[in-house]
Amino acid sequence: MRKKTYIVMGIILTGITAITACNKLLPSMIDPSEGLCGPVSLSSSQTILFSQGNDQFFANRTAATGLGPYFVATGCGSCHGSDNRGHPFTILTRFGQTDSTGNKFMAEGGPQLGAFCLPGYAPEQLPTGATSSNFIAPITAGVGFLEAVPDSEIIAMAAANLANPDGVRGHPNYGSIPSYVTPLNGAIPRADGKYICRFGRKASTYDLLQQVATAYNHDMGITSTFLPNNPYNYLDQINAAPPTTPEVGNATLNSVLFYVTCLQTPVQRNPADSTVLYGSQVFVNIGCETCHKQTLTTGYSPIDALSYQTFNPFTDLLVHDMGPGLDDGYTEGNAKTSEWRTTPLWGLGLAPNVQGGYTYLLHDGRAHSIEQAIQMHGGEAAASADRFINLSQGDKNALIKFLNSL
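Residues numbered from 1 in each chain as written. Predicted model: local features only at pLDDT ≥ 70, side-chain atom pairs only at ≥ 80, totals over all residues. Heavy atoms only, no water.

Asker: Help me out: how do you make sense of the overall build of the chain in this one?
Answerer: The helix and strand tally for the chain stands at 11 helices and 10 strands. Relative to the compact-globule value of 22 Å for 406 residues, the chain shows a C-alpha radius of gyration of 21 Å, a close match. When its C-alpha atoms are laid out on the principal axes, the chain stretches across 65 × 60 × 45 Å. Residues counted as buried form 53% of the 406 residues belonging to the chain. (Helix = DSSP H or I, 4+ residues; strand = E, 2+ residues; numbered from the N terminus. Rg over C-alpha atoms; globule rule 2.2 N^0.38 Å. Buried < 20%, exposed > 50% of the residue type's maximum accessible area, 1.4 Å probe, protein only.)

Asker: Explain helix 11 (residues 393–405) here, please?
Answerer: Residue pairs spaced three or four apart in an α-helix point in one direction, given the helix's 3.6 residues per turn. Between its first and last C-alpha, helix 11 extends 18 Å over 13 residues, near the 18 Å set by a 1.5 Å rise per residue. For helix 11, every residue scored as buried is listed here: Asp395, Lys396, Ala398, Leu399, Ile400, Phe402, Leu403 and Ser405. Buried residues belonging to helix 11 abut helix 7 (274–285), helix 9 (370–375) and helix 10 (382–389). (Expected span 1.5 Å × (residues − 1). Contact = heavy atoms within 4.5 Å.)

Asker: Explain unusual backbone geometry here, please?
Answerer: Peptide bonds are mostly trans, and most non-glycine residues show a negative phi. With an omega of 15°, the peptide bond running from glycine 68 to proline 69 counts as cis. Structurally, the position occupied by proline 69 is in the loop between helix 1 (44–57) and strand 1 (70–71). Backbone torsion omega between glycine 110 and proline 111 reads 10°, so that peptide bond is classified as cis. Mapped onto the elements, proline 111 comes out in the loop between strand 2 (92–95) and strand 3 (116–117). In this model, leucine 317 sits at a positive phi of 60°, which is unusual for a non-glycine residue.

Asker: Explain the environment of isoleucine 139 to me, please; I cannot follow it from the model alone.
Answerer: Structurally, isoleucine 139 is set in the loop between strand 4 (132–135) and helix 3 (143–147). Along the backbone, isoleucine 139 and serine 45 are 94 residues apart, and their C-alpha atoms lie at a distance of 26 Å. Discounting chain neighbours no more than four positions away, the residues touching isoleucine 139 are Asp83, Asn84, Arg85, Pro266, Trp346 and Gly347.

Asker: Is there a simple way to explain the environment of alanine 141 in this structure?
Answerer: Within the element layout of this structure, alanine 141 appears in the loop between strand 4 and helix 3. Residue alanine 141 is classed as buried on the basis of its relative accessible area of 3%. Sequence-wise, alanine 141 and glycine 38 are 103 residues apart; in three dimensions their C-alpha atoms are separated by 8.5 Å.

Asker: Can you help me understand the pattern of salt bridges in this one?
Answerer: A side chain with one charge can pair with a side chain of the opposite charge if their charged atoms come near. Going through the model one piece at a time under the given rule, you end up with 7 salt bridges. Residue aspartate 273 pairs with lysine 401 through a salt bridge whose shortest N-O separation is 3.3 Å. With aspartate 273 in the loop between helix 6 (250–261) and helix 7 and lysine 401 in helix 11, this residue pair connects regions lying 128 residues apart in the sequence. The partly exposed category is assigned to aspartate 273, whose relative accessible area is 26%. Classification of lysine 401 by relative accessible area gives partly exposed; the value is 37%. When the shortest N-O distance is used, the salt bridge between arginine 366 and aspartate 328 registers 3.0 Å. Taken as a pair, arginine 366 in the loop between helix 8 (351–354) and helix 9 and aspartate 328 in the loop between strand 9 (319–321) and strand 10 (339–341) lie far apart in primary sequence, 38 residues in all. According to the relative accessible area criterion, aspartate 328 is partly exposed, its value standing at 21%. Salt bridges here are not isolated pairs; linked through shared partners, they connect Asp328, Asp364 and Arg366. (Salt bridge = Lys/Arg side-chain N within 4 Å of Asp/Glu carboxyl O.)

On their own, these measurements won't tell you what the molecule is for.
Structure representation (structure tokens):
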């Protein structure tokens, strides 16, 4: 995947002036009519930092620049093409945890399998007795907005479900935060000191700093001051002692963090189309919006463009029981093995653009169409899935057209 180049105009005559409007800042990979549009509104200095992060996000690592010895990708852009979803070629495997008591296979290299390795090493293999689940990378566009949603709003969405007649409940996934992480603005810790997590398929990652540091370490085998040890492979039994110097410096890692934090939300296409509008009402009528909340609001953010914004991600950031059909026997945090975070639907219609023209939906890509993904919803979503199955063909088509517009 090519890296994206952001253009800064007027560098000779007027210094550095950031141009962030979609119609003025158009990398060749991004077309606003297709829903993705670079950064939020930023200052000149912030635009430079964003551009630096963009370069690093789409850079490919090698052994000389810290890759490995065990990894699943050589760069962030390998899994998050065009800041969108991943595809089966970059799928990763998580393993070793079956309940809230934690991962019992950390000594065998848990929680992530390094499917690839440098010469002279052995690729990781699932330990005997470990359950596992395959994850396709989620969309990165708009994640800074999700991070800025206050805990109070997430808690309120869970409370509003207590009397839901379809049996929809959902709850935040609470977890212990790493020592290098600072609680987010408006964070509400539980009595046991755990915090609401919101990123990842199981909503087990607290914030974007933890997400980026973990991706460098688990996905690429690259150490940092935050995670100084290389991943461990019990088959090689090589000491995972930290390198003398972190393999990615704080400045580089923080530029990538800033890049993903400042990515604009995906833009809906054809929102005024009559069929799209009708499909959006079908979406509400059959109960999809109970979990896939259309509208959320951010709280304070140190980045002005993210503060107190209303946006449309189609998620409640809660984990829900999706039934036995989606129970892989693996989990993270305090979620059950059958519980998954509500996937944001924004950018859904653009997924085939980065998935080779095909469609790979749900956490592991097992659904090859939107219709199939809906029909695989069980547990708390079973009533909505049943209503979808019983819709007229016209209403189904309208709903699918709406979802493809996101």
